Amino acid sequence: MSQIILGVILFCGGLGLFIKTTLLFHKVGQGTLSPLAPPKRLIIQGPYKIVRNPMLLGILFILLSEALLVSSCCIFIYTLIFFLINCIYFKTVEEKMLIKRFGQDYIAYRNSVPMWLPNFRGKCKVN
């Protein structure tokens, strides 16, 4: 029973985080999730104040919830592989594109906000 409760909590939290960050992409960033129309402005508010990749964390929570809800080791392993691939991608590709697009603003943001583990006590030092 606790596995189901945890699965539902992770799913709801992940879905909420994904929706919130998607709306921020549109409203604040003036862009979309599509690489063809990426955000034009650096988003450093909402969940982005405490972690650099909240959208992906939302997706990871959803995947973990699925693994729990259906008791699937395969989905759990897929989630770990998905996370690892994204870690490599963010460090080798996406961060370089963000530096190119947003310059010093992104570098300051990257240096003050953690990539994966939310920092609830600290504040983003970029305005």
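See the structure above.
This write-up is about the structure you can find in this document.

Parameters and conventions
Numbering of residues starts from 1 in each chain and follows the order in which that chain's sequence is written. With pLDDT at 70 or above as the cut-off, local features in this predicted model cover only qualifying residues; side-chain atom pairs require 80 or more to be listed or tallied, and sums for whole chains, interfaces and linings still use all residues. Side-chain figures throughout are based on the complete set of non-hydrogen atoms in the structure, without hydrogens or water. Axis angles are defined between N-to-C directions and span 0 to 180 degrees, where every axis is a line fitted to C-alpha atoms and, for a helix, only to the segment in contact. A helix here means a DSSP run of H or I that spans at least four residues, while a strand means a run of E at least two residues long, and both kinds are numbered starting from the N terminus. Just so you know how the angles are binned, under 35 degrees is roughly parallel, over 145 roughly antiparallel, 65 to 115 roughly perpendicular, and the rest oblique. A crossing counts as left-handed when the near helix is turned anticlockwise from the far one by less than a right angle, and as right-handed when that turn is clockwise. Every residue pair with non-hydrogen atoms within 4.5 Å of one another is taken to be in contact. Only rings of Phe, Tyr and Trp enter the pairing, Trp through its six-membered ring, and a pair is recorded when the two centres are within 6.5 Å. The plane angle decides the type: under 30 degrees is stacked, over 60 is edge-to-face, the rest tilted. Exposure classes here rest on a 1.4 Å probe applied to the protein chains alone. A residue is buried below 20% of its type maximum, exposed above 50%, and partly exposed in between.

### Quick notes on the packing of helix H2 (residues 54-69) against helix H3 (residues 73-102)
For the pair H2 and H3, interaxial distance at closest approach is 8 Å and the crossing angle is 165 degrees. Looking at the two axes, H2 sits roughly antiparallel to H3. Of the two possible hands of crossing, H2 and H3 adopt the one that is left-handed. Contact residues: H2 offers Leu 56, Ile 59, Leu 60, Leu 63, Leu 64, Glu 66 and Ala 67, while H3 offers Ile 75, Phe 76, Tyr 78, Thr 79, Phe 82, Phe 83, Asn 86 and Phe 90.

### Some details on the packing of aromatic side chains
The final tally for this structure, using the stated rule, is six aromatic pairs. Ring centres 6.5 Å apart and planes at 35 degrees place the aromatic pair Phe 25 and Tyr 48 in the tilted group. Placement of the pair is Phe 25 in helix H1 (residues 2-27) and Tyr 48 in the loop between H1 and H2, with a sequence separation of 23 residues. The exposure class assigned to Tyr 48 is buried, which follows from its relative accessible area of 6%.

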